[in-house]
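# Structural characterization, general
In case you want the letters, here they are:
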Amino acid sequence: MEDLSLHILDCTENSIRAGATIITIIIEEQRADNMLTITIEDNGHGMDKETLNKVKDPFFSTKPDKKTGLGISLLAQATHESEGMFDIRSAPNRGTKITATFRYDHIDRKSLGNMADTIIALIASGSGRVDIRYVHTFNGRSFIFDTKTIKKELQDIPINDPAVLADLKKQLENAVQEIRET
Ligand SMILES: Nc1ncnc2c1ncn2[C@@H]1O[C@H](COP(=O)(O)OP(=O)(O)O)[C@@H](O)[C@H]1O
Ligand SMILES: [Mg+2]
């Protein structure tokens, strides 16, 4: 996978498949600490111990159709390649939490990529029903993007309306750019 935003998309697709109604994505880029941390938490059906133990193995999957099973293992691998850490916690009917850390300046650390595209793809694939809370910090400056708040503002207009998604994409791109400006 090219960049971390695509890994994030892959993990959140798992959350949607697990029936999550709320997905929280937290990205912390702290150059002073030489750390990049990604946290993805969902309230889906979770995993039992046995499944959780297997989930980091390549090719483990519970998909009935295509058996790929590379999503989690590739993200775990990407953290190890940049001297980071990977952690996944899950409990049946409680949900799942993934924490992935990376050494910021490591030569093999993948770039974050386009988070706006990932968030928009995620809203679209959840048919607008799954709520996304996305918090991004860069060197102490943050923004919060929360579809619950946006839906209230939109009133009767569906959040997955193509014109709305195009507008949200621009807002997200601007927000990421703003926190990165020094
Ligand atoms: N957030 C999640 N909630 C519940 N189960 C999950 C979650 N993430 C992964 N899993 C389980 O781990 C398996 C492997 O996930 P993954 O590595 O992304 O491969 P794939 O999505 O191709 O099956 C999934 O099939 C699913 O059973
Ligand atoms: Mg997957």
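These lines cover the structure that appears in this document, whether it is placed above or below. (Residues numbered from 1 in each chain as written. Chains lettered and ligands numbered in written order. Predicted model: local features only at pLDDT ≥ 70, side-chain atom pairs only at ≥ 80, totals over all residues.)

### Here's the deal with the site of ligand 1
- Around ligand 1 sit 21 residues in total, of which Asn14, Ala18, Ser61, Thr62 and Gly71 are the nearest.
- Put simply, the parts of the chain that give the shell around ligand 1 at least two residues each are helix H1 (4-17) and helix H3 (71-81).
- The class makeup of the residues in the shell around ligand 1 is six nonpolar, twelve polar and three charged. (Near = placed C-beta within 6 Å. Helix = DSSP H or I, 4+ residues; strand = E, 2+ residues; numbered from the N terminus. Nonpolar A, V, L, I, M, F, W, Y, C, P; charged D, E, K, R; others polar.)

### Quick look at unusual backbone geometry
- Even without being glycine, Glu83 reaches a positive phi, approximately 55 degrees.
- Mapped onto the secondary structure, Glu83 falls in the loop between H3 and strand E3 (86-91).
- What makes Glu83 partly exposed here is the crowd of 13 C-beta atoms within 10 Å.
- A positive phi angle, close to 65 degrees, is found at Asn93, a residue other than glycine. (Buried ≥ 20, exposed ≤ 12 C-beta atoms within 10 Å, placed from the backbone.)

### Examining the pairing of strand E6 (residues 141-146)
- Examined bridge by bridge, strand E5 (residues 131-138) and E6 share six bridges and lie antiparallel to one another. If you follow Thr137 over to E6, its bridge partner there is Ser142.
- Hairpin connection, E5 to E6: the antiparallel pair is bridged by two residues, and Asn139 has positive phi, about 45 degrees. (Pairing = 2+ DSSP bridges.)

### Thoughts on the sheet that holds strand E4 (residues 95-103)
- Read across the sheet, six strands follow the order E3-E4-E2-E1-E5-E6 without closing on themselves; strand pairing throughout is mixed. Looking along the sheet, the strands with just one partner apiece sit at the ends: E3 and E6. Taking the axes of each pair of neighbouring strands and ignoring which way they run, one obtains an average angle of 5 degrees across the sheet.
- Sheet analysis places strand E1 (residues 22-30) next to strand E2 (residues 35-42), joined by eight bridges and oriented antiparallel. Paired with Ile26 across the two strands is Thr39, which belongs to E2.
- Sitting on the sheet, helix H5 (residues 147-154) touches E5 and E6, and the angle it makes with E6 is about 55 degrees. (Axes fitted to C-alpha atoms, helices over the stretch in contact; angles between N-to-C directions. Contact = placed C-beta atoms within 7 Å.)

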